[in-house]
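Below are the chains, spelled out letter by letter.
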Amino acid sequence: MRNLAIIGASGHGKVVADIARKNGYSEIVFLDDDESIHECGGYSVIGKSSEAGTIDAGVIVGIGNAGVRKQIQESIPDEKLLTLIHPDAVIAEDVAIGEGTVVMAGAVINPGARIGKGCIINTCSSVDHDCVVGDYVHISVGAHVAGTVNIGSHTWIGAGVTVINNVNISGGCMIGAGAVVIRDICESGTYAGAPAKRVR
Ligand SMILES: CC(C)(COP(=O)(O)OP(=O)(O)OC[C@H]1O[C@@H](n2cnc3c(N)ncnc32)[C@H](O)[C@@H]1OP(=O)(O)O)[C@@H](O)C(=O)NCCC(=O)NCCS
């Protein structure tokens, strides 16, 4: 029997639970600071995020917001943190993936890529060869990052984004859904469109 506590009883948490189930975790519970939530995806919410350190289970943070994810993940002892990879993700053998990262169904991560801790590599996204993805980055559903791209920590790559090869993207950016990033983004901010331009 493998026990898992997922912090964050949300839609994202529900997907994380499904991946955990497919990885052989049979006893799954949620922790959430919102006391009005009692159930998520058929699993019980048994306490608050602050209880993660004491519970007899591996822990993963299933929260989309990078700042909150980081804050909570860093409060959890390293030995309890898990990394979860959907069995239908395709990951090259030499890829390094940090603790607390979740890789979802249909994601592809190609050789030489390095993925930081606390990242979300979402459904059917791809991270190509030799990319360096910082901590707490979210590569959203259907986004494609070509080879040798660097993405700074806390950046959120929106759904269906395309990033061409050899581009650097600063930390703390939001890249809007469907954007096409064709040159370096050196300042944190919100970028959208094709080619991506700063909108905030
Ligand atoms: C980019 C984004 C964060 C902007 O949200 P916001 O800060 O609330 O900004 P607004 O909606 O006020 O839009 C600001 C401007 O950018 C434009 N814009 C916003 N998102 C855009 C997008 N994805 N592509 C092109 N233009 C976009 C708006 O039309 C608006 O233009 P205007 O000022 O000329 O009217 C949001 O639209 C977005 O794309 N989020 C991604 C969500 C996502 O991918 N989720 C994946 C979950 S897995």
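Residues numbered from 1 in each chain as written. Predicted model: local features only at pLDDT ≥ 70, side-chain atom pairs only at ≥ 80, totals over all residues. Heavy atoms only, no water.

Trainee: Sorry if this is basic, but what is going on with the nonpolar core here?
Mentor: Note on soluble globular proteins: their nonpolar side chains tend to be buried together. Grouped together as the largest cluster of nonpolar side chains are 31 residues, with contacts concentrated most on Ile121, Val127, Ile139, Ile151, Ile169, Ile175 and Val181. Aside from chain neighbours lying at most four places away, what touches Ile139 is Ile120, Ile121, Asn122, Ser125, Val127, Val145, Ile151 and Ile157. Counting 19 residues, the second largest nonpolar core, distinct from the first, contains Val16, Cys40, Val45 and Leu82. (Core = buried A, V, L, I, M, F, W, Y, C linked by side-chain atoms within 4.5 Å. Buried < 20%, exposed > 50% of the residue type's maximum accessible area, 1.4 Å probe, protein only. Contact = heavy atoms within 4.5 Å.)

Trainee: What is the right way to read the site of the ligand from this model?
Mentor: The full set close to the ligand counts 14 residues, and Gly158, Ala159, Gly176, Ala177 and Arg200 are the nearest of them. Take Ala159: an N or O atom from its main chain is 2.7 Å from an oxygen atom of the ligand. In the model, a nitrogen atom of the ligand is placed 2.9 Å from a nitrogen or oxygen of the Ala177 main chain. Protein chains shield 44% of the accessible area of the ligand, which is 910 Å² for the free molecule. (Near = heavy atom within 4 Å. Polar contact = N/O pair within 3.5 Å; in protein donor to acceptor, adjacent residues only side chain to side chain. Areas by Shrake-Rupley, 256 points an atom, 1.4 Å probe, with all protein chains shown as cover.)

Trainee: Teacher, can you tell me more about the pattern of salt bridges here?
Mentor: Pairing is possible between side chains of opposite charge, provided their charged atoms come close. Summed over all chains, the structure comprises three salt bridges. Lys22 is the salt-bridge partner of Asp18, the closest N and O atoms lying 2.9 Å from each other. Of the two residues, Asp18 and Lys22 are both situated in helix α1 (residues 11–22); the distance of four residues between them amounts to about one turn of the helix. For Lys22, a relative accessible area of 46% puts it in the partly exposed group. In this structure, the salt-bridge partner of Glu35 is Lys48, at a minimum N-O distance of 3.0 Å. Of the two residues, Glu35 sits in the loop between β2 (27–31) and β3 (39–40) while Lys48 sits in the loop between β4 (43–47) and β5 (58–61), which places them 13 residues apart along the sequence. Lys48 gets classed as partly exposed once you look at its relative accessible area, which sits at 32%. (Salt bridge = Lys/Arg side-chain N within 4 Å of Asp/Glu carboxyl O. Helix = DSSP H or I, 4+ residues; strand = E, 2+ residues; numbered from the N terminus.)

Trainee: What is the right way to look at helix α2 (residues 66–73) in this model?
Mentor: The periodicity of an α-helix, 3.6 residues per turn, causes residues three or four positions apart to be oriented the same way. Looking at α2, one finds that the buried residues are Ala66, Arg69, Ile72 and Gln73. Viewed along the axis of α2, the buried residues span an arc of 135°, placing them on a single side of the element. If you follow the buried residues of α2, they end up packed against β1 (3–7), β5, β12 (120–121) and β15 (138–139). At the N-terminal boundary of α2, the capping side chain belongs to Asn65, with an oxygen 3.0 Å from the backbone nitrogen of Gly67. (Arc of directions from axis to C-beta.)

Trainee: Before we go on, may I ask you to explain the sheet that holds β2 in this structure?
Mentor: The mixed open sheet is built from five strands, whose spatial order is β3-β4-β2-β1-β5. Since the sheet does not close on itself, it has two edges, and those belong to β3 and β5, each with one partner. By the bridge criterion, two bridges tie β2 to β4 in an arrangement that is parallel. When the sheet's bridge partners are listed, Phe30 is paired in β4 with Val45. Contacting β1, β2, β3, β4 and β5, α1 crosses the sheet at an angle of about 160° to β2. (Pairing = 2+ DSSP bridges. Axes fitted to C-alpha atoms, helices over the stretch in contact; angles between N-to-C directions.)

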